[in-house]
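# Structure assessment
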Amino acid sequence: MRKVAVVGIGHTKFGKWENRTAVELFSEAARQALEDAGAEGKEVEALFVGSALPDFGEGQAMIQTQCRADLGLGLIPSTRFEGACASSTVAVRDACMWVASGEYDLVLAGGTERVIPMGTPLATRTFAMALNAYQEVPAGLTFPGVFALVARLYSRVYGIPLERLREQMAHVAVQNHRHGARNPLAQFYGKYENLRVEEVLSSRMVCDPLTLLDCCPFSDGAAAVVLCAEEKARRYTDTPVYILGTGQGTGGPMGLFEEELVKPPSRVFSARMAFRKAGLEPKDIQVLELHDCFTPAEIVALEAMGFFPEGRAGEAVEEGQAEIGGKIPTNMSGGLIGKGHPIGATGASQVCMIVQQMRGEAPKGNQVDPVPEFGMVDTMGGAYGTLCHLILGRVRG
Amino acid sequence: MAEYEEALKRGKMLGLRCRECGAVTCPPMAVCRKCGSRDLEGMEMSGRGELMTFTVIRVPPEGMQGPYAVGLVRTEEGPWVMGRLELPEGAGQEVLGRKVRLAGSLVWSDKYSAGERVAPVFRLET
């Protein structure tokens, strides 16, 4: 298999896009990525589009066909990837595989989503479609509900009093909002740079013990990357970022995980696969974008990937271990909480944010210094249903 | 699944016992949740278990009315089952670990649900 590089990135602002379609948002991100790579549309050999719910967001199924046309690409193979919130991470991973295999030299991969037009009740209903339709949906489970269940279980399994855990969770929100406030592409740019723990704890209860500020927002947006075979990467950029290893894992109904809901095997499996393929370990990673859909999700993810021991990640975040200067700078873009979460666009956005870090082009205050050599993306779709990891590096590895 | 749902409507919870490893799977799947065997036989669950975690949903999906409590119950036979809960007002972390019992079921449908769906309802043992 050949090595594959990211040679171009593109990213719309995340937030509320009233007068732009999901296709238009994708085109904006994709054109930026092509321009960034200095590549022409006619060089693109295949298109990989992650989008979770365009059928509900805009009544648009098969969105990849409309994206292809709107970009003026040739009649190239175009495919939509659906893995709920991990849709475009899976799209990027598969795109990488096709280039690595030698089938294509240059491809475009990304994601797009409009969630806000659905409104909260329909968005809550359609997100729940990523749960088990015969067991979990009829019981009334929602996505915040998933991580509310996980938080209470985590508290009990690790013997951390719930009030103590809620403070640790609030620190996740404070940190990610601080980063998001500095990121011009973020939904909450300029908003919550100085959010306080007490404000998170006392905001409106959505789903005990999660308050509104423990949750990522509903968002519209798109992100895209140009992937290229290693031997041709230098034609397009002086700063290629290589995909050194990838992993993907799959879950099922939540009940099957039992106590392991606090350390999901699907995430452990996927992360280990990525580390093994990259020949790296958690201690080698210098910047991490992970799936903080809700604050306890960040704590669970940090432990499942092996960055902190079980039951210790919340405390570590509180101590600044997930900040610049700490063990693993995490969600320097703001993550889903601060940057926003247009479902199908999130994975590609995470890749863009890691590449930005590796080019030393992250916003002031968010750039890890020295510029990181190795970075990682973690995305979760459903209730640990689809896990996908990408390890990126400035050197070929 | 249809048989499981019909039984739930009558207040009974059905499971599948593995003839190879003895583990119980509930709700039903085509394979044993522990060993993957397809050699399974039907059985009736006791309906008793322990509350492992719960939440109160205050922002419900379209078509449901909140607030309501949802949780995971570890059944006496082993499998963890998702269900609706009848909990006292203001219940907190102290109810985790409490014994619960199947108290009935909730029938629900909407335009996406492919007909009527059923969820078990659990109540704390007194």
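Residues numbered from 1 in each chain as written. Chains lettered and ligands numbered in written order. Predicted model: local features only at pLDDT ≥ 70, side-chain atom pairs only at ≥ 80, totals over all residues. Heavy atoms only, no water.

## Some points on the pattern of salt bridges
Under the definition given, this model contains 39 salt bridges over all chains. Arg164 of chain A is paired through a salt bridge with Glu167 of chain A; the nearest N and O atoms lie 3.4 Å apart. In this pair, Arg164 of chain A and Glu167 of chain A are both assigned in helix α7 (residues 162-181), 3 residues apart and thus about one turn of the helix distant. Assessed through its relative accessible area of 30%, Arg164 of chain A is described here as partly exposed. Close ionic contact of Arg33 of chain B with Glu258 of chain A constitutes a salt bridge, the shortest N to O distance being 2.5 Å. (Salt bridge = Lys/Arg side-chain N within 4 Å of Asp/Glu carboxyl O. Helix = DSSP H or I, 4+ residues; strand = E, 2+ residues; numbered from the N terminus. Buried < 20%, exposed > 50% of the residue type's maximum accessible area, 1.4 Å probe, protein only.)

## Points about helix α14 (residues 346-358) of chain A
Residues and elements named next belong to chain A. Helix length check: α14 (13 residues) gives 19 Å between terminal C-alpha atoms against 18 Å at 1.5 Å per residue, within 8%. Within α14, 13 of the 13 residues are buried, which leaves it mostly tucked inside the rest of the structure. In the stretch just after α14, Gly360 is the one whose phi turns positive, near 70°. (Expected span 1.5 Å × (residues − 1).)

## Focus on helix α1 (residues 22-37) of chain A
Two residues of an α-helix separated by three or four positions point the same way, owing to the 3.6 residues in each turn. Residues and elements named next belong to chain A. With 16 residues, α1 should cover 22 Å at 1.5 Å per step; its first-to-last C-alpha distance of 23 Å lies within 8% of that length. Those residues of α1 that fall on the buried side of the exposure criterion are Ala22, Val23, Leu25, Phe26, Ser27, Ala29, Ala30, Ala33, Leu34 and Ala37. Its buried side turned inward, α1 meets β1 (4-11), β2 (47-50), α3 (63-71), β4 (106-114), β7 (220-229) and α9 (230-236). Of the residues flanking the end of α1, it is Gly38, one or two places downstream, whose phi is positive at about 65°. (Contact = heavy atoms within 4.5 Å.)

## A short note on the interface of chain B and chain A
Each side of the interface is counted separately: chain B has 42 residues, and chain A has 36 residues. Here chain B and chain A share 6 salt bridges between them. At the boundary of chain B with chain A, the tally comes to 14 residue pairs in polar contact (both at pLDDT 80 or more). For the side of chain B that touches chain A, the secondary-structure elements that each account for two or more residues are β4 (48-57), β5 (68-75), β6 (80-86), β7 (99-108) and β8 (117-124) of chain B. Here the side of chain B that touches chain A takes 8 residues from β4 of chain B, the largest share from any one element. Considered class by class, the residues forming the side of chain B that touches chain A number 23 nonpolar, 9 polar and 10 charged. (Polar contact = N/O pair within 3.5 Å; in protein donor to acceptor, adjacent residues only side chain to side chain. Nonpolar A, V, L, I, M, F, W, Y, C, P; charged D, E, K, R; others polar.)

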